Amino acid sequence: MKRILAFGGVIIFLASCAHNKYTSTNKSYKKQVKNYAKLLGEYPIKDSAGLKYADNWVGTTNFSMRRPNFVVIHHTAQNFCDSTLRTFTLPRTAVSAHYVICKDGTVHHMLNDLLRAHHAGVSKWGNATDLNSMSIGIEIDNNGFEPFTEAQMNSLLQLLDRLKKAYNIPQANFIGHADVAPGRKVDPSRYFSWQTLAEKGFGFWFDTTNVEVPPDFNALQALRIVGYNINKPEIAIQSYKIHFVPQDTTRTISDADKKILFDLEKKYQ
Ligand SMILES: [Zn+2]
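For clarity, every value in this text was computed on a predicted model and none was experimentally measured.

Asks: Lay out the sheet that holds strand β3 (residues 70-75) in plain terms, naming residues and giving numbers.
Replies: Strand order across the open sheet formed by 5 strands is β5-β4-β8-β3-β9, with mixed pairing between neighbours. The sheet terminates laterally at β5 (107-109) and β9 (174-176), the two strands that pair on one side only. Across the sheet, the mean angle from the axis of one strand to that of its neighbour is 25°, orientation sign disregarded. In this structure, strand β4 (residues 99-101) lies alongside β5, joined through 3 bridges in antiparallel fashion. Paired with Val100 across the two strands is His108, which belongs to β5.

Next up, the structure:
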């Protein structure tokens, strides 16, 4: 089917395809990338940190683009993939992700991996802050109260495999939004199987058989070693439970948790 639109006497033919409605935002994407490319091409560079070294500029011949070193996984908290695509193409929302995975397994790539998406917000993992600057953001179409589809998980695993290999991302650095923004975020929800991911080499899982926890074991410090910001212990524990003990909605450390954390801290060290 073809639609004909008339603008001031000019007739434009648009093939009716799912992406037609994004023609103008795709243009905006290109324009913004062009502006960043222009910035990168400045010679000698104007130092964006405000230092005045331009007079002694000598351009090196040896460099490449910075690469992402983390993957942060989200659920969209919306009901339809189209709603999320719309959210991420409206300037006023100021949010985005590199990839959106729909319920049927379709993967929408929305931003070059080498550019910074606005998905993690205020965040901390280990000593890393500003996760947006160092991560790929993946949003899974899911309202937070439903299971993730098999097609989504299959697409996700394929995508993670590609990203891990392309950028040499360490196994420990596949994490969730709730992990890096405890208290503020709870995604991906308790329906998300981090164990499945860990079995494929994305993030770690625990083994509690034959674990002897020493009496002086400090579970909170173990949470810190895994990566959690423990400034507010209760919410750090909540995020840990969403990820590793999804059936447990308490915010307290049990003996079973001590076993889990004693094992996990060794993997994340
Ligand atoms: Zn999120």
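Anyway, onward from the coordinates.
Asks: Break down the coordination of the zinc ion for me, citing the residues and quoting the values.
Replies: As a benchmark, a tetrahedral metal site with four donors has ideal angles of 109.5 degrees, while an octahedral site with six donors has ideal angles of 90 or 180 degrees. Donor atoms from the polypeptide that bind the zinc ion are His74 (ND1), His177 (ND1) and Asp187 (OD), placed at 2.1 to 2.2 Å. The sequence pattern formed by the donor residues of the zinc ion is H-x102-H-x9-D. Of this pair, His74 sits in strand β3 while His177 sits in helix α5 (residues 177-180), placing them 103 residues apart in sequence. Residue His177 is classed as buried on the basis of its relative accessible area of 4%.

Asks: Lay out the domain arrangement of the protein chain with the relevant residues and their values.
Replies: According to the domain assignment, the protein chain consists of domain 1 (66-203) and domain 2 (206-269). Averaged C-alpha coordinates put domain 1 and domain 2 at centres separated by 23 Å. Contacts between the two partners involve 15 residues from domain 1, matched on the other side by 16 residues from domain 2. Buried surface at the junction of domain 1 and domain 2, both sides included, amounts to about 1400 Å², of which 59% is carbon and sulfur. Contact with domain 2 buries surface across domain 1, with Trp125, Pro182 and Arg190 losing the most and accounting together for 45% of the total. One can count 0 salt bridges joining domain 1 with domain 2. For the pair domain 1 and domain 2, the interface holds 6 residue pairs in polar contact (both at pLDDT 80 or more). Elements represented by at least two residues in the side of domain 1 that touches domain 2 include exactly β6 (124-125) and α5. Among the residues forming the side of domain 1 that touches domain 2, the class breakdown is 7 nonpolar, 4 polar and 4 charged.

Asks: Could you give an account of the packing of helix α8 (residues 233-244) against helix α9 (residues 255-268), naming the residues involved and the relevant values?
Replies: Where α8 contacts α9, the two axes come as close as 13 Å, and the packing angle between them is 85°. Between α8 and α9, the crossing angle belongs to the class labelled roughly perpendicular. On the side of α8, the interface is formed by Tyr240, Lys241 and Phe244, while α9 contributes Asp257, Ile260, Leu261, Leu264 and Tyr268. Residue classes in the contact of α8 with α9 are distributed as 6 nonpolar, no polar and 2 charged.

Criteria and thresholds
Here the residue index of a chain counts from 1 through its sequence in written order. Where totals are concerned, whole chains, interfaces and linings use all residues; where local detail is concerned, this predicted model gives features only for residues with pLDDT of at least 70, and gives and counts side-chain atom pairs only at 80 or more. Side-chain metrics rest on all non-hydrogen atoms present in the structure, leaving aside hydrogens and water. In this analysis, strands are considered paired if DSSP registers two or more bridges between them. Counting from the N terminus, the helices are the DSSP runs of H or I reaching at least four residues and the strands are the DSSP runs of E reaching at least two. Each axis is a line fitted through C-alpha atoms, and for a helix only the stretch in contact is used; angles between axes span 0 to 180 degrees, taken between their N-to-C directions. Coordinating donors are taken to be N, O and S atoms lying within 2.8 Å of the metal, or within 3.2 Å when the metal is Na, K or Ca; because water is excluded from the atom set, some sites may appear incomplete. Buried residues are those whose accessible area, probed at 1.4 Å on protein chains only, stays under 20% of the maximum for their type, while exposed residues exceed 50% and partly exposed ones sit between those limits. Either an automatic procedure or a domain database provided the assignment from which the domain bounds are taken. Residues are treated as being in contact if the distance between any of their heavy atoms lies within 4.5 Å. Put simply, buried area is the surface a 1.4 Å probe can reach on two separate parts but cannot reach once they are joined, added for both. Definition used for salt bridges: Asp or Glu carboxyl oxygen within 4 Å of a side-chain nitrogen of Lys or Arg. For the purposes of these results, a polar contact is taken to be a pair of N or O atoms within 3.5 Å, where, inside protein, one atom must be able to donate a hydrogen and its partner to accept one; residues adjacent in sequence count only when each atom of the pair is a side-chain atom. Only Asp, Glu, Lys and Arg are considered charged in this grouping, and only Ala, Val, Leu, Ile, Met, Phe, Trp, Tyr, Cys and Pro are considered nonpolar; every other residue, Gly among them, is considered polar. Comment on the angle field: the value is read as roughly parallel under 35 degrees, roughly antiparallel over 145, roughly perpendicular from 65 to 115, and oblique elsewhere.

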